[in-house]
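Remarks on the overall topology
Each chain, written out:
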Amino acid sequence: EAQDAAEEDRKTPGRRVAGQDPLKRQQIIEAAKLCFLRDGFEATSMNDITAEAGVSKGTIYVYFADKEALLASVAEEAYRDLAQKIASALRRTPVAEPVARVRAIAAAYVAFAMARPAHYRVMWGPRVNEDGRFPSLEVAISDALSLVTAEFERGQAAGAFRMDPPRDLAIAFWVAAHGYAELVLRRRLKVRSEAMAVGYFDKLLTPFLGGLRARAK
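Below, the structure is looked at part by part.

The rules behind the values
- Residue positions are counted from 1 within each chain, in the order its sequence is given.
- Given that the model is predicted, a residue must reach a pLDDT of at least 70 before its local features are reported, and side-chain atom pairs must reach 80 or more before they are shown or counted; all residues, however, enter totals for whole chains, interfaces and linings.
- For the side-chain quantities, the full set of heavy atoms in the structure was used; hydrogens and water were omitted.
- Secondary structure elements are taken from DSSP: a helix is a run of H or I of four residues or more, a strand is a run of E of two residues or more, and numbering for both begins at the N terminus.
- The cut-offs for exposure are 20% and 50% of the maximum accessible area for each residue type, with area from a 1.4 Å probe on protein chains only; residues under the lower value are buried, those over the upper are exposed, and the others partly exposed.
- Throughout, a residue-residue contact means that at least one pair of heavy atoms, one from each residue, lies within 4.5 Å.
- Charge convention: Lys and Arg are scored as positive, Asp and Glu as negative, and His as well as the terminal groups of each chain are ignored.
- Note on charges: their place is set at NZ of Lys, CZ of Arg, CG of Asp or CD of Glu.
- This arc corresponds to the set of directions leading from the helix axis out to the C-beta atoms.
- Only Phe, Tyr and Trp rings are paired, with Trp represented by its six-membered ring, and only when their centres lie within 6.5 Å; those with planes under 30 degrees apart are stacked, over 60 edge-to-face, the remainder tilted.
- Points on a 1 Å grid, built from protein atoms alone, make a cavity when a 1.4 Å probe fits but cannot get out and make a pocket when they are open with protein on both sides within 12 Å along at least 5 of 7 lines; residues with an atom within 4 Å of a point are the lining residues.
- Grid points are joined across faces, edges and corners, and a volume is the space filled by probe spheres set on the points.
- Three categories are distinguished: nonpolar for Ala, Val, Leu, Ile, Met, Phe, Trp, Tyr, Cys and Pro, charged for Asp, Glu, Lys and Arg, and polar for the others, with Gly belonging to the last.
- Note on definitions: angles span 0 to 180 degrees between N-to-C directions of axes, and those axes are lines fitted to C-alpha atoms, for helices only across the stretch in contact.
- The sense of a crossing depends on the near helix, which, turned anticlockwise from the far helix by less than a right angle, makes the crossing left-handed and, turned clockwise, makes it right-handed.
- If an angle is under 35 degrees, it is roughly parallel; if it is over 145, roughly antiparallel; if it lies from 65 to 115, roughly perpendicular; otherwise it is oblique.
- In this scheme, a helix's expected span is set at 1.5 Å multiplied by one less than its residue total.
- Within this document, salt bridges are pairs made up of a side-chain nitrogen of Lys or Arg and a carboxyl oxygen of Asp or Glu, the two lying within 4 Å of each other.

**Considerations on the overall build of the chain**
Counting its regular elements, the chain contains 11 helices and zero strands. What you see in the chain, going N to C, is helices and strands ordered as α-α-α-α-α-α-α-α-α-α-α. Within the chain, the fraction of its 217 residues that count as buried is 42%. Expressed as a percentage of contacts within the chain between residues at least 6 apart in sequence, the contacts between residues at least 24 apart total 68%. Charged side chains in the chain number 32 positive and 28 negative. The centres of these two groups are separated by 8 Å.

**Focus on helix 3 (residues 46-53)**
Working note: α-helix, 3.6 residues per turn, so residues spaced by three or four point in the same direction. Burial in helix 3 covers these residues: Met46, Ile49, Thr50 and Ala53. Looking straight down helix 3, one finds that the buried residues subtend no more than 105 degrees of arc, so they occupy a single side.

**Digging into the packing of aromatic side chains**
Enumeration according to the criterion identifies 10 aromatic pairs in this entry. With 5.9 Å between their ring centres and 90 degrees between their planes, Tyr109 and Tyr120 make a pair best called edge-to-face. Taken together, the residues span a long stretch of sequence, with Tyr109 in helix 6 (residues 98-115) and Tyr120 in helix 7 (residues 117-123) at a distance of 11 residues. Taken together, the aromatic side chains of Tyr79, Tyr109, Tyr120, Trp124 and Trp174 make up a single cluster linked through ring pairs.

**Comments concerning unusual backbone geometry**
The phi angle at Arg187 is positive, at roughly 65 degrees, despite the residue not being glycine. Assignment of secondary structure puts Arg187 in the loop between helix 9 (166-185) and helix 10 (194-204).

**Some details on the layout of surface pockets**
Size it by volume and the largest pocket reaches roughly 310 Å³. If you go around the largest pocket, you meet 18 residues; those closest to its centre are Tyr79, Met123, Trp124, Arg127 and Ile141. Going through the elements one at a time, helix 5 (67-91), helix 7, helix 8 (135-157) and helix 9 are the ones with two or more residues in the lining of the largest pocket. Its residues assigned to classes, the lining of the largest pocket shows 14 nonpolar, two polar and two charged.

**Things to note about the side chain of Arg101**
Relative to the elements of secondary structure, Arg101 occurs in helix 6. Setting aside anything within four residues of it in sequence, one finds Arg101 in contact with Leu90, Thr93, Pro94, Val95, Glu151 and Arg154.

**Things to note about the packing of helix 6 against helix 10**
Packing of helix 6 against helix 10 brings their axes to within 9 Å, and their N-to-C directions diverge by 145 degrees. The way helix 6 lies across helix 10 gives a crossing that is right-handed. Here Arg103, Ala106, Ala107, Val110, Ala111, Met114 and Ala115 of helix 6 lie close against helix 10, whose contacting residues are Glu194, Ala197, Val198, Phe201 and Asp202.

**Details of the packing of helix 6 against helix 8**
It is at 9 Å that the axes of helix 6 and helix 8 come closest, and there the two elements cross at 165 degrees. It follows from the interaxial angle that helix 6 and helix 8 lie roughly antiparallel. Crossing of helix 6 over helix 8 shows left-handed handedness. Judged by residue contacts, Pro98, Arg101, Val102 and Ile105 of helix 6 engage Val148, Glu151, Phe152, Arg154 and Gly155 from helix 8. A class-by-class count of the residues in the contact of helix 6 with helix 8 yields five nonpolar, one polar and three charged.

**Description of helix 9**
Between its first and last C-alpha atoms helix 9 spans 28 Å; for 20 residues at 1.5 Å apiece the expected length is 28 Å, and the two agree. Taken together, the buried positions of helix 9 are Leu169, Ala170, Phe173, Trp174, Ala177, His178, Tyr180, Ala181, Glu182, Val184 and Leu185. Residues of helix 9 that are buried in the fold lie against helix 5, helix 6, helix 7, helix 8, helix 10 and helix 11 (206-212). The positive-phi residue at the C-terminal boundary of helix 9 is Arg187, with phi of around 65 degrees.

**A few points about the pattern of salt bridges**
All chains considered together, the criterion is met by 15 salt bridges. A salt bridge links Asp81 to Arg116; its shortest N-O distance comes to 2.4 Å. Linking Asp81 in helix 5 with Arg116 in the loop between helix 6 and helix 7, this pair joins segments that are 35 residues apart in sequence. Owing to a relative accessible area of 29%, Arg116 belongs among the partly exposed residues under this scheme. Taken together, the shared-partner salt bridges in this structure form one network comprising Glu30, Lys33 and Glu77.

Dropping the structure here:
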């Protein structure tokens, strides 16, 4: 069926080469996000996504070889979007205020999770790149973590943060942010709005930031 869909695309005047229509690809990704959020990853089938997207079975396989490829695409999009949110928050925060910059990252992370639960759950769902099929996903993950790590390095260079390996500090921070976001999204911690979720995490982050400060010599 995928071959039939490709042949149809090639024969129709004015149509893009099969598998290269970005709007169609995004249409399928958006449908996948809805299905994953509504039904969960394991319970969602390619047939479910096909029906949600309103495309033929042949068409979906022209764009994505299997459900893992779709998961990887959604996750990559999510990590890149998160990195953009973090970068935007940092641009609005003075470079000379390392603690404020970590708080800005925290706010961006929690706000992202609250605003895009489908994206967020795929990011932290089944690991789909164990066999290295999706190297661009690993690049997106690394880029997002590197933004956070760089801020801890900046704080250390300014003498504000303790001199543990900056990647370890970034991962400790990420674990805290992720755990909090999971509790909120699963309604284990009940908050009334995105703003309240961001504000409460900022409060909870205070002991972490206190421990992060450079030790007096």
